[in-house]
Amino acid sequence: MRTNNHLRLFVFLIFLTYSVCSFSQLPCYDNYKIDKAALQKAKEFESQNNINNSIQSSSFVIRVYFHILNCSDGTLPGVTAAQLTTEFDTLVAAYRANNICFINAGYDNIYNTKLDSNFTVGTDNSSLFDSYRVPDCINIFYMLKIKGGNSACTNCGFGGVTLGIPNTFCLVAKSNVGVAQTVAHEVGHCMGLLHTFDFSNGYEDINGSNSSTAGDQITDTQADPFGYNSQSCYNTSSNGCTYAGSCKDPNGASNFSPPYTNLMAYWWNGKNGVTCYSALVLTGGQYTRVNSFLSTNSDLINCESPSYVTESGINISSGYLMASAINTLTTSGTVDISGSAIALLGGSTVTLEPGFDAYAYDGGSTLIRLSQCSGTPNFAIAEKLKPVAVANTSNILIAYPNPTSSAVNIAFTLAHNESKLSLKVYDGNMKAVKEISLQDRLKGRNTINVDLSKFSSGIYAVIIQGTDMLMKVMVVVQK
Ligand SMILES: [Zn+2]
């Protein structure tokens, strides 16, 4: 009997959830706050530079950092690490046509039940995210659920939210991972784009006469009747995919041709879970607006990469170093990253000169990332010919061939016999990807062949640890 009652309750709850979320006619859209001064600055940039609704020739490479929210006990992650790869690719694909590219600065896990499943937009202070935000990057938080808004949102949650336009952080719900390019939509808000149906500055005329100041304030996106969705004149086809209402624009016209496939519209999302449109797009005017925000907003500019970067005189064991170049990033002299420091060194070409050293502990990491934005990615370690020894300089560790496509020989010298040594290979996230236990090694020179054939291109650290010594060498895998 007890089991049966539970079963009935369970079925009822499923039905309740399904009926509320799937048959709701109310749209649930993110209610952002627009920085009007920043928008004005971007518009002035457009008029001063005489750019209008066109693909821009200037290039941008913007750092993005991902956060996986989990409950405090480690359960219910907002996204998996594997899914982040496709999320990043989705973002890159959405803006690539306009020479706007992104570099993946890495990800972390956050264990906070409140933020993972109980953050309520409009009620909770967004500063709850502040301590997790990585500087000089657009931060994208993936969480189980985002609460708030009208009843549709309260019952089912937002798919994604950007709290202010422009911004350097946004939220994406687990429900929208891999759905409707949501990550690219939210980052669009971060980079200055309003919804096509925005009416905070007035409804847009169908004939476009007020399109630079009303609606989304971009002239080449059509007036979107979705903005009238709370009014009685508003209606759609039975699947929700096309507009079928009689709403009138400020001129009294009603012959809307909605921007159905626009990334910043909501038409992709039909009734009863129907996906109406995929391969969502941006217009030349929207690309121009993004370009103008990237050129004028200091918070966004801080997330962008210069053409060439040289890092030198760095010795950090905590905090962040987020450095990337559109073309080449080079280190010069001492660049020492250790401890809990989180670092990114990125570019089309990354060259690490002698004096570069990275050794993470206490949760730190050094990520060397080659952007795929333009040209052929390339990396070089000038240090590759020089053995790197750490902790005990009497121990010498050499890797050859280096770079390698398959296996590497690790040669090392021991000061005394070692009954047990561990050899670990770490990837660019300083995650151990291979471990070999070495027994009864004798004093003097030792060589071991390590198979790296299954590893993708990148820079790996090989670390050998014994009772009183630790040695490290960087190995480049090049496929
Ligand atoms: Zn939105």
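Rules and cut-offs
- Residues numbered from 1 in each chain as written.
- Predicted model: local features only at pLDDT ≥ 70, side-chain atom pairs only at ≥ 80, totals over all residues.
- Buried ≥ 20, exposed ≤ 12 C-beta atoms within 10 Å, placed from the backbone.
- Helix = DSSP H or I, 4+ residues; strand = E, 2+ residues; numbered from the N terminus.
- Pairing = 2+ DSSP bridges.
- Axes fitted to C-alpha atoms, helices over the stretch in contact; angles between N-to-C directions.
- Contact = placed C-beta atoms within 7 Å.
- Parallel < 35°, antiparallel > 145°, perpendicular 65-115°, else oblique.
- Left-handed = near helix turned anticlockwise from the far one by under 90°.
- Core = buried A, V, L, I, M, F, W, Y, C linked by C-beta atoms within 7 Å.
- pLDDT = per-residue confidence, 0-100.

**Q** Looking at this model, I keep getting lost on the pairing of strand E22 (residues 432-441). Mind explaining?
**A** Looking down a regular strand, the side chains alternate between one sheet face and the other. Little of E22 sits out of view: just zero of its 10 residues are buried. Across eight bridges, strand E21 (residues 418-426) lies against E22 in antiparallel orientation. Residue Lys420 lies in a different strand from E22, and its bridge partner there is Gln439. The turn joining E21 and E22, which pair antiparallel and follow one another in sequence, is formed by five residues; a positive phi near 60 degrees is taken by Met430.

**Q** How do you make sense of the sheet that holds strand E16 (residues 365-370) when you look at a structure like this?
**A** Within a sheet, adjacent strands bond to each other through the backbone by hydrogen bonds, running parallel or antiparallel. Judged by pairing direction, the sheet is parallel, and its three strands sit side by side in the order E11-E13-E16 without closing on themselves. The sheet is open, and its two edges are formed by strand E11 (320-324) and E16, each paired on a single side. Neighbour-to-neighbour, the strand axes of this sheet turn through a mean angle of 10 degrees, independent of strand direction. One ladder, built from five bridges, connects E11 with strand E13 (residues 342-347); its direction is parallel. When the sheet's bridge partners are listed, Leu321 is paired in E13 with Ala343.

**Q** Would you take a moment to explain the sheet that holds strand E5 (residues 138-143) for this structure?
**A** One open sheet holds the five strands; their spatial order is E3-E2-E5-E9-E7, and the pairing between them is mixed. Looking at which strands have only one partner, the edges of the open sheet turn out to be strand E3 (100-111) and strand E7 (160-161). Where E7 meets strand E9 (residues 169-173), two bridges bridge the pair, whose relative direction is antiparallel. Residue pairing for E9: Gly160 is matched across the bridge by Val172. Set on the sheet, helix H3 (residues 81-95) makes contact with strand E2 (60-70) and E3; between it and E3 the angle comes to about 155 degrees.

**Q** Please clarify how the packing of H3 against helix H6 (residues 182-190) should be interpreted in this entry.
**A** In a packed pair of helices, the relevant descriptors are the angle between the two axes and the axis-to-axis distance. For the pair H3 and H6, the least separation of the axes is 8 Å and the interaxial angle reads 55 degrees. What the angle tells us is that H3 and H6 run oblique. Taken as a pair, H3 and H6 cross one another with a handedness that is right-handed. Taken together, the residues of H6 that come into contact with H3 (itself represented by Glu87, Thr90, Leu91 and Ala94) are Val183, Ala184 and Val187.

**Q** It is not clear to me how H6 should be interpreted in this structure. Could you clarify?
**A** Turn by turn, an α-helix covers 3.6 residues, leaving residues three or four places apart pointing in a common direction. Buried residues dominate H6, accounting for nine of its nine residues. Listing the buried residues of H6 in full gives Thr182, Val183, Ala184, His185, Glu186, Val187, Gly188, His189 and Cys190. Contacts from the buried residues of H6 go to H3, E5, E7, strand E8 (164-165) and E9. Count one or two residues on from H6 and you reach Gly192, which has phi positive near 105 degrees.

**Q** It is not clear to me how the nonpolar core should be interpreted in this structure. Could you clarify?
**A** Nonpolar side chains in soluble globular proteins tend to end up buried together. By size, the foremost hydrophobic cluster in this structure holds 109 residues, and its most contacted members are Val64, Ala105, Ile138, Ile140, Tyr142, Met143 and Val475. It is E2 that provides the largest number of residues to this core, a total of eight residues. Not counting residues up to four positions away in its chain, the partners in contact with Ile138 are Ile62, Val64, Thr168, Phe169, Val187, Cys190 and Cys303.

**Q** Would you take a moment to explain the confidence of the model for the protein chain for this structure?
**A** If pLDDT is low for a region, its predicted coordinates should not be looked at in detail. Summing up the model confidence of the protein chain, the mean pLDDT is 85 and the portion of residues at 70 or higher is 86%. In the model, residues 382-395 has pLDDT below 50 throughout and makes 40 contacts with residues more than four positions away in sequence or in other chains.

**Q** Sorry if this is basic, but what is going on with unusual backbone geometry here?
**A** What you tend to see is this: most non-glycine residues have negative phi, and most peptide bonds are trans. With an omega of -5 degrees, the peptide bond between Ile165 and Pro166 qualifies as cis. The residue Pro166 is located in the loop between E8 and E9 in this model. Its identity as a non-glycine residue notwithstanding, Leu76 has a phi of 55 degrees, on the positive side. Structurally, Leu76 is set in the loop between E2 and H3. A positive phi angle is found at Asn99, which is not glycine, with a value near 60 degrees. Along the chain, Asn99 falls in the loop between H3 and E3.

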